[in-house]
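Coordinate inspection notes
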Amino acid sequence: MIETREIDVYYGDIQVLRGISLSVNKGEIVALIGNNSAGKSTVLKAIVGLLSKSSGSVHFDGNSITEMPTSEVIRLGMAVVPEGRRLFGPLTVFDNLKLGSYLRLMKKEDADVRQDLDRMFDLFPILMQRKEQSAGTLSGGEQQMLAIARALMARPKAVLMDEPSMGLAPLMVREIFGVIQRLKEQGHTILLIEQNARMALKVSDRAYIMELGRITMNGDVGTILEADTVRKFYLGM
């Protein structure tokens with residue numbers, strides 16, 4: 001579904017990604033784990049076309065998207081839950097959700113959009129209670145729920161989530177990852193970029209470990225959990 005091959009990215013003269021190759025198959029959750037400044041969010045930006053690649057390639061659902069603008073990548077069916085949520089604060093919860101389905105509304109898929117709104121309110125009951133409330137007045141956890149729901153309103157083929165647990169209280173982190181687990185059970189395809197390795201590995205099928213712009217380890221979750229370096233530096237065991 002998503003595949004990168006030997007991606008290199010520079011910020012000016014500084015190389016920030018070095019030979020990044022990863023894949024996400026249809027219906028699986030793949031975690032990209034690493035500390036701050038490892039380059040995880042840069043990988044996301046390179047995949048969706050927000051950053052130029054100096055070398056390497058990106059493919060999505062059988063299409064080469066290496067040089068494709070972000071708007072076209074989104075039209076192909078990729079959705080992003082960005083770091084920091086990036087909601088439209090003055091708009092209501094309901095309006096933010098409708099914006100997530102903008103391309104579908106342009107295609108006159110109104111009935112399907114209404115069905116998906118009901119599905120989002122079932123998945124996130126608090127959003128139903130807050131639907132007429134300005135998004136900027138929600139708690140951090142509620143904003144993260146809205147950001148995920150907005151992405152799902154596009155009925156994407158794959159979702160890229162960038163640090164969904166950032167800045168949240170432990171109880172809310174568990175709730176957000178509970179939602180991600182439910183999405184996994186429903187067959188969603190997700191690239192999960194996350195610093196909280198313990199929670200990310202609980203919901204993922206496979207994982208990649210990043211350090212200083214390189215992937216240093218990858219494999220199924222069982223293999224990753226057995227690695228001494230992961231247990232020591234990421235799980236505190």
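Throughout what follows, the structure given in this document is the object of discussion. On a predicted model such as this, the values are computed, not experimentally measured, just so you know. (Residues numbered from 1 in each chain as written. Predicted model: local features only at pLDDT ≥ 70, side-chain atom pairs only at ≥ 80, totals over all residues. Heavy atoms only, no water.)

Overview of the sheet that holds strand β4 (residues 55-60)
Threshold: Pairing between two strands is assigned when DSSP locates at least 2 bridges connecting them. Secondary structure counts use DSSP, requiring at least four H or I residues in a row for a helix and at least two E residues in a row for a strand, with both numbered from the N terminus.
The sheet built from four strands is open, its strands ordered β2-β1-β4-β5 with antiparallel pairing. On the outer flanks of this sheet lie β2 (14-24) and β5 (63-64), each paired with one strand and no other. Bridging between strand β1 (residues 2-11) and β4 involves five bridges; their strand directions are antiparallel. Of the residues in β4, the one forming a bridge with Ile 2 is Phe 60.

Considering the packing of helix α3 (residues 93-100) against helix α7 (residues 140-152)
Counted only if it meets this: In this analysis an axis means a line fitted to C-alpha atoms, helices contributing only their contacting stretch, and an angle means the value between N-to-C directions, from 0 to 180 degrees. Left-handed is the label given to a crossing in which the near helix is rotated counterclockwise from the far helix by less than a right angle, and right-handed is the label when the rotation is clockwise. By the convention used here, residues are in contact when the closest approach between their heavy atoms is within 4.5 Å. For this classification, the nonpolar set comprises Ala, Val, Leu, Ile, Met, Phe, Trp, Tyr, Cys and Pro, the charged set comprises Asp, Glu, Lys and Arg, and every other residue, Gly included, is treated as polar.
For the pair α3 and α7, the least separation of the axes is 7 Å and the interaxial angle reads 35 degrees. In the packing of α3 onto α7, the handedness of the crossing is right-handed. Here Val 93, Asn 96, Leu 97 and Gly 100 of α3 lie close against α7, whose contacting residues are Leu 146, Ala 149 and Arg 150. Of the residues assigned to the contact of α3 with α7, the class counts are four nonpolar, two polar and one charged.

Concerning the sheet that holds strand β7 (residues 158-162)
Strand order in the open sheet formed by six strands is β6-β7-β8-β3-β9-β10, and the pairing between neighbours is mixed. Strand pairing shows two members of the sheet lacking a second neighbour, β6 (78-81) and β10 (214-220), which therefore form its edges. Across the sheet, the mean angle from the axis of one strand to that of its neighbour is 15 degrees, orientation sign disregarded. Against the sheet, helix α8 (residues 170-185) touches β3 (29-33), β7 and β8 (190-194), its axis set at about 160 degrees to β8.

Things to note about the nonpolar core
Selection criterion: Note on terminology: a nonpolar core comprises buried Ala, Val, Leu, Ile, Met, Phe, Trp, Tyr and Cys residues joined through side-chain atoms within 4.5 Å. Three labels apply to residues, based on accessible area from a 1.4 Å probe with only protein chains included: buried if under 20% of the type maximum, exposed if over 50%, partly exposed otherwise in between.
Ranked by internal contacts, the top residues of the largest apolar core, which has 49 residues, are Ile 33, Met 161, Ile 180 and Leu 192. In contact with Ile 33, other than residues within four places in its own chain, are Lys 40, Glu 194, Ala 197, Ala 200, Leu 201, Ala 207, Tyr 208, Ile 209, Met 210 and Tyr 234. Judged by nonpolar contacts, the second largest core, of 28 residues, contains Ala 38, Leu 44, Ile 47 and Met 210.

Digging into the side chain of Glu 163
Convention followed: Pairs of N or O atoms within 3.5 Å make up the polar contacts considered here, provided that, within protein, one atom can donate a hydrogen while the other can accept it, and that residues adjacent in sequence are counted only when both atoms are side-chain atoms.
Along the chain, the position of Glu 163 falls in the loop between β7 and α8. A relative accessible area of 5% means that Glu 163 is categorised as buried. Only 3.4 Å separates the side chain of Glu 163 from the side chain of Lys 40, close enough to count as a polar contact. Excluding residues that lie within four positions of it along the chain, Glu 163 makes contacts with Lys 40, Glu 83, Gln 144, Ile 193, Glu 194 and Gln 195.

A few points about α8
Heads up, the condition is: Here a helix's expected span is defined as the number of its residues, less one, multiplied by 1.5 Å. In this context, the arc is that of the directions from the helix axis out to the C-beta atoms.
Along its 16 residues, α8 runs 23 Å from first to last C-alpha, staying within 8% of the 22 Å computed at 1.5 Å per residue. What α8 keeps buried is the set Val 173, Ile 176, Phe 177, Val 179, Ile 180 and Leu 183. Down the axis of α8, the buried set is contained in an arc of 150 degrees. They therefore lie on one face. Across from the buried face of α8, at angles greater than 90 degrees, the exposed residues are Pro 170, Leu 171 and Glu 185. If you follow the buried residues of α8, they end up packed against β3, α5 (110-123), α7, β7, β8 and α9 (197-203). Phi for Gly 187, located one or two positions after α8, is positive at around 90 degrees.

Considering the packing of α7 against α8
The cut-off we apply is this: When an angle is under 35 degrees it counts as roughly parallel; over 145 it counts as roughly antiparallel; between 65 and 115 it counts as roughly perpendicular; any other value is oblique.
One way to put it is that α7 packs onto α8 with a least axis distance of 10 Å and a crossing angle of 15 degrees. The angle between α7 and α8 falls in the class roughly parallel. In this structure, α7 meets α8 at a crossing whose hand is right-handed. Within the contact between the two elements, α7 uses Gly 141, Gln 144, Met 145, Ile 148 and Leu 152 and α8 uses Met 172, Glu 175, Ile 176 and Leu 183. Split into classes, the residues belonging to the contact of α7 with α8 amount to six nonpolar, two polar and one charged.

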